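What follows is each chain in one-letter form.
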Amino acid sequence: FFAGDYTQTVATLTQAIEGGSKNPSCYYFRGLAQSRLGRGAEAEKDFTTGADLEGQDFNVFFNASQSLERIQGPERRVLETY
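Since the model is a prediction, treat every value here as computed from it, not as a measurement. (Residues numbered from 1 in each chain as written. Predicted model: local features only at pLDDT ≥ 70, side-chain atom pairs only at ≥ 80, totals over all residues. Heavy atoms only, no water.)

Trainee: Just to check I follow, could you spell out helix 1 (residues 6–18) for this structure?
Mentor: Given 3.6 residues per helical turn, the α-helix brings residues three or four places apart onto the same face. Compared with the 18 Å implied by 1.5 Å per residue over 13 residues, the 18 Å span of helix 1 between its first and last C-alpha is a close match. Of the surrounding secondary structure, the elements contacted by the buried residues of helix 1 are helix 2 (24–36). Count one or two residues on from helix 1 and you reach Gly20, which has phi positive near 110 degrees. (Helix = DSSP H or I, 4+ residues; strand = E, 2+ residues; numbered from the N terminus. Expected span 1.5 Å × (residues − 1). Contact = heavy atoms within 4.5 Å.)

See below:
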């Protein structure tokens with residue numbers, strides 16, 4: 001993602017998600033990449049799914065906030081709404 005290859009980011013994170021990852025950060029970063037590719041509806045779906053996962057399982061801890069600390073400005077404010 002941070003290298004700017006958003007198409008590859010979507011592909012890689014889709015593989016992780018299809019492989020069973022329940023880490024909300026996968027959805028958040030895929031959503032950010034989707035957004036940067038102009039795919040707003042897909043981004044919103046990923047943000048919603050990431051937020052749902054983050055609030056579901058209290059026995060598993062994913063520090064989504066820490067993984068997103070480099071995301072600032074308008075994009076971060078959008079994520080915070082979810």
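Trainee: In this structure, what is going on with the packing of helix 2 against helix 3 (residues 40–56)? I would like to understand it.
Mentor: Between two packed helices, what matters for the description is the angle formed by their axes and the separation of those axes. Direction vectors running N to C along helix 2 and helix 3 enclose 165 degrees, while the axes themselves pass 8 Å from each other. In terms of axis orientation, helix 2 runs roughly antiparallel to helix 3. With respect to the hand of their crossing, helix 2 and helix 3 are arranged in left-handed fashion. The segment helix 2 lies against helix 3, with Pro24, Tyr27, Tyr28, Arg30, Gly31, Leu32, Gln34 and Ser35 engaging Glu42, Ala43, Asp46, Phe47, Thr49, Gly50, Ala51, Leu53 and Glu54. (Axes fitted to C-alpha atoms, helices over the stretch in contact; angles between N-to-C directions. Parallel < 35°, antiparallel > 145°, perpendicular 65-115°, else oblique. Left-handed = near helix turned anticlockwise from the far one by under 90°.)

Trainee: Any chance you could explain the side chain of Ser25 here in plain terms?
Mentor: The topology assignment puts Ser25 in helix 2. Taking the relative accessible area as the measure of exposure, Ser25 reaches 10% and is therefore buried. Apart from the residues lying within four places of it in its own chain, the contact partners of Ser25 are Ala64 and Ser67. (Buried < 20%, exposed > 50% of the residue type's maximum accessible area, 1.4 Å probe, protein only.)

Trainee: Just to check I follow, could you spell out the packing of helix 1 against helix 2 for this structure?
Mentor: Interaxial distance between helix 1 and helix 2 falls to 9 Å at its minimum, and their mutual angle equals 150 degrees. Taken as axis vectors, helix 1 and helix 2 run roughly antiparallel relative to one another. In the packing of helix 1 onto helix 2, the handedness of the crossing is left-handed. Touching Tyr6, Thr9, Val10, Leu13, Thr14, Ala16 and Ile17 of helix 1 are Cys26, Tyr27, Phe29, Arg30, Ala33, Gln34 and Arg36, all from helix 2. Here the residues of the contact of helix 1 with helix 2 sort into 9 nonpolar, 3 polar and 2 charged. (Nonpolar A, V, L, I, M, F, W, Y, C, P; charged D, E, K, R; others polar.)

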